[in-house]
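Residues per chain are reported as follows:
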Amino acid sequence: MPFNLDVTFQPTRLRQTVLEMAYAGSTVHIGCAFSIIELLAVLYRRYLRYPGHDPDSPARDYLILSKGHGVMAQYACMRELGWLNETQIHQYFSDGSELKGLSDSRVRGLEVTSGSLGHGFSVGVGIAMGLQRSGTDQKVYAIVGDGELNEGPIWEGVMFAAHQKMDNLIMIVDMNGFQAMGTTEEVLSLGDLQSKLESFGFTARSVDGHDEEAIDTAIQQLWSSDDGKPKALIAKTVKGKGVPFMEADNRWHYTRLNAETFSEAVSALGIQS
Amino acid sequence: MREAFSSALVNFALSDPMVLLLTGDHGYALFDEFRVKCPQQFINAGIAEQNMVGMAAGLARVGYRPFVYGLAAFIPVRTVEQIKIDIAHDDLPVVLLGDGAGFVYSHLGTSHQSTEDIACMRSIPGLQVLSPADRFEMSACMEYALESRSPIYLRMGKSDRGDVHQSPIDALQAGQLLQLRSGRRDRPGLIATGSMVTIAVEAANRLDLNAWSAPLLKPLAQQAIDAAAQVSQGLVTLEEHSILGGLGAAVAEILSEVHPMRLLRLGVQDRFSEHCGTHAYLLKEHGLDQETVLTKIEAFCDVG
């Protein structure tokens, strides 16, 4: 049963949290957090099971944020769940604070230390193998960036997951089309990713990564394809989605908010600051 | 020594179904018994060491006890970052087994030789480093690794040098040195690890020196080094590893703080092997053969 239905994970509200944190901490990586907002909203709302509301429950599902740069989006969801408090949000990046600019496994609710890319997915494959050996119905959702697919260990893990028939694993690709220095096409083109993943032995679907209903349907369809294969959801997203002046503009991988741009961004979300 | 290693692994796996052996497509004959007796606990991860180490972290997170095997050039050196981030950062109980360390693959050249693995692993927080010299130390190190429930790198070098101990040794204590011989207090004492221990013992016998084996390279106890220094006039370290960052460096770090004295570090200088040949040939090329070692220690005695 979906566990978190009572929490709305409203995307606009999640984006507002990201803006608040980014402004409070004067941080970068806004665009790559915005591209996974709807994906996380659907996963937390309908799929991730945390028995006892406990992020450390041994019976939980595992959300692996392998593209650790998007971690503010996950913090925003953890705020909704009550796993983070207002001080942690508003004192982001202050001296001595716990929440870092990249996913860190020591934070309750985060599973892996990532940001160095191509790590989290392999850890997720190991978790999926362990869960499968133990015979539980727990699932692993691993979010990787399209830029992260440059990393060799991702493909080592993809081969292994397919070889071991890990049908409890979904790789979710945040296909926002950008990596640090340009578009993925310019830097290292991925070709036809869906065909590529299918040829590696995955069941793959592509979806509009900002359409919550479509994401939900696609995940349901993937889990219901009883073919013994690991799954891949290729989510076509927009980097910076939700704030028009940030959308598909790679400068918002690096740019910090000032009072003016913060205010403009919040207004663009349709929220009063 | 390799039999001691293999039988320890088989025993662990038979007594605990959560023990898993992962290998990067290495260990063809070494794991024959394991594969027959515990086929479900044997995982060949393919020639994909980075993914294998990441997966080991994932398996440990859900309660398994992974032992990850590879050649030392790959496990740990190729996967230093996975060991740091995925395993050590979370203090996960993963045992990394690096085989063929030093110049074991003497004929194959630089890619398969490993003289920097100790240095790489020593600097990773919380990771312990073991380096057994014979079958008795191997058994004790494997027990230590299983019991410690924290990240371990176990280094296996040239394994056919014979026994340095006469009988099984007691459970290892963190940081300790094992004394092999008592000798003259007015001469240097020898501290060696792994494959160089037999050469150290022979040199100690000929020159009547104190000699210790160091199967636990990290942590290395201040107290143990200080005690060795107290009964020696200078110390000599011997290792089939770079003198930068290995046993010699670890001893130098401690000595300089607690008991400043002269130290001779015998190991690989800052260079790669130049030629191909037998293991004995390469030891000679690097000045680590029995006669060269003896000459260097004698000269060190004379300076003292």
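**Here's the deal with the overall build of chain A**
Scanning chain A from N- to C-terminus turns up 11 helices and seven strands. For chain A, whose C-alpha radius of gyration is 18 Å, the value lies close to the compact-globule estimate of 19 Å for 273 residues. Projected onto its principal axes, the C-alpha coordinates of chain A cover approximately 50 × 45 × 35 Å. Counting every position in chain A, which comprises 273 residues, the buried fraction comes to 52%. For chain A, contacts bridging at least 24 residues in sequence account for 76% of all contacts bridging at least 6.

**Considerations on the overall build of chain B**
When helices and strands are counted, chain B shows 11 helices and 12 strands. Its C-alpha atoms give chain B principal-axis dimensions of roughly 60 × 40 × 35 Å. Sorting the 304 residues of chain B into buried and exposed places 57% on the buried side. Counting only contacts in chain B whose residues sit at least 6 apart along the sequence, the fraction spanning at least 24 positions is 73%.

**What to know about the sheet that holds strand β2 (residues 140–145) of chain A**
Residues and elements named next belong to chain A. Spatially, the five strands line up as an open sheet ordered β1-β2-β3-β7-β6, and their pairing is parallel. Each of the sheet's edge strands pairs with one partner strand only, and the pair in question is β1 (62–65) and β6 (203–208). Averaged over all adjacent pairs, the angle separating strand axes in this sheet is 20 degrees, with direction ignored. Pairing analysis gives six bridges linking β6 to strand β7 (residues 231–236), with the strands arranged parallel.

**Things to note about helix α1 (residues 11–25) of chain A**
All names here are of chain A. Taking 1.5 Å per residue as the helical rise, α1 with its 15 residues ought to reach 21 Å, and the 21 Å between its terminal C-alpha atoms agrees with that figure. Most of α1 sits out of view: 11 of its 15 residues are buried. By the burial criterion, the buried members of α1 are Pro 11, Leu 14, Arg 15, Thr 17, Val 18, Leu 19, Glu 20, Met 21, Ala 22, Tyr 23 and Gly 25. For α1, the elements touching its buried residues are α2 (31–34), α3 (37–47), α4 (71–80), α5 (86–90) and α11 (259–268). Positive phi shows up at Ser 26, right after α1, with a value of about 50 degrees.

**Some remarks on unusual backbone geometry**
Residue and element names in this part refer to chain B. The omega torsion of the bond from Ile 75 to Pro 76 falls at 20 degrees, within 30 degrees of zero and hence cis. Locating Pro 76 in the fold gives a position in the loop between β3 (65–71) and α4 (80–87). Of note, the amide linkage connecting Lys 218 to Pro 219 takes the cis form, showing an omega dihedral of 0 degrees. Along the chain, the position of Pro 219 falls in the loop between β10 (216–218) and α8 (222–230). Not every positive phi belongs to a glycine, and Asp 91 is a case in point at roughly 50 degrees.

**A look at the sheet that holds strand β12 (residues 263–268) of chain B**
All names here are of chain B. Spatial ordering of the open sheet is given by β7-β9-β8-β11-β12, a layout of five strands whose pairing is mixed. Strands at the two margins of the open sheet, each flanked by one partner only, are β7 (178–181) and β12. Mean inter-strand twist for the sheet, computed between neighbouring axes without regard to direction, equals 25 degrees. Pairing of strand β8 (residues 189–192) with strand β11 (residues 235–242) involves four bridges; the strand directions are parallel. Looking across to β11, one finds that Ala 192 is bridged to Leu 238. On top of the sheet, helix α11 (residues 290–303) reaches β11 and β12; it is set at about 165 degrees to β12, its chief contact.

**Side note on the packing of α1 of chain A against α3 of chain A**
Residue and element names in this part refer to chain A. Closest axis-to-axis distance for the α1/α3 pair is 10 Å, and the angle between their directions is 120 degrees. As far as their axial angle goes, α3 and α1 are oblique. Note on packing geometry: the crossing formed by α1 with α3 is right-handed. Contacts between α1 and α3 involve Pro 11, Leu 14 and Arg 15 from the former and Ile 37, Glu 38 and Ala 41 from the latter. For the contact of α1 with α3, the per-class residue count stands at four nonpolar, no polar and two charged.

**As for the interface of chain A and chain B**
Between chain A and chain B, the contact holds 19 residues from the first and 21 residues from the second. Looking at the side of chain A that touches chain B, the elements that each hand over two or more residues are α6 (120–134) and α7 (152–163) of chain A. Grouping the amino acids of the side of chain A that touches chain B by side-chain chemistry returns eight nonpolar, 10 polar and one charged.

**Regarding the domain arrangement of chain B**
Residue and element names in this part refer to chain B. Structurally, chain B comprises domain 1 (2–155) and domain 2 (178–303). A separation of 26 Å is found between the C-alpha centroids of domain 1 and domain 2. With 22 residues of domain 1 at the interface, the matching set in domain 2 holds 27 residues. Listing elements by their share of the side of domain 1 that touches domain 2, those giving two or more residues are α5 (117–122), β5 (128–130) and α6 (135–148). Partitioning the side of domain 1 that touches domain 2 into residue classes produces nine nonpolar, nine polar and four charged.

**Remarks on the nonpolar core**
Counting residues in each nonpolar core, the largest one holds 189 residues, and the members touching the most others are Val 18 and Tyr 141 of chain A together with Ala 56, Val 68 and Ala 200 of chain B. Both domain 1 (2–155) and domain 2 (178–303) of chain B contribute no fewer than three residues apiece to this core.

**Here we look at α4 of chain A**
All names here are of chain A. Of all the 10 residues making up α4, eight are buried; the element is thus mostly covered by neighbouring parts of the structure. On its buried side, α4 packs onto α1, α2, α3 and β1. Gly 82 sits one or two positions beyond α4 and adopts a positive phi of about 80 degrees.

**Digging into the environment of Pro 51 of chain A**
All names here are of chain A. One can find Pro 51 in the loop between α3 and β1. Looking at Pro 51, the number of C-beta atoms within 10 Å reads 11, which means it is exposed. In sequence terms Pro 51 and Tyr 141 are 90 residues apart; their C-alpha atoms lie 17 Å from each other. Pro 51 has contacts with Ser 57, Ala 59 and Arg 60, leaving out every residue within four places of it along the chain.

Analysis parameters
- Residues numbered from 1 in each chain as written.
- Chains lettered and ligands numbered in written order.
- Predicted model: local features only at pLDDT ≥ 70, side-chain atom pairs only at ≥ 80, totals over all residues.
- Helix = DSSP H or I, 4+ residues; strand = E, 2+ residues; numbered from the N terminus.
- Rg over C-alpha atoms; globule rule 2.2 N^0.38 Å.
- Buried ≥ 20, exposed ≤ 12 C-beta atoms within 10 Å, placed from the backbone.
- Contact = placed C-beta atoms within 7 Å.
- Pairing = 2+ DSSP bridges.
- Axes fitted to C-alpha atoms, helices over the stretch in contact; angles between N-to-C directions.
- Expected span 1.5 Å × (residues − 1).
- Parallel < 35°, antiparallel > 145°, perpendicular 65-115°, else oblique.
- Left-handed = near helix turned anticlockwise from the far one by under 90°.
- Nonpolar A, V, L, I, M, F, W, Y, C, P; charged D, E, K, R; others polar.
- Domains from an automatic or database assignment.
- Core = buried A, V, L, I, M, F, W, Y, C linked by C-beta atoms within 7 Å.

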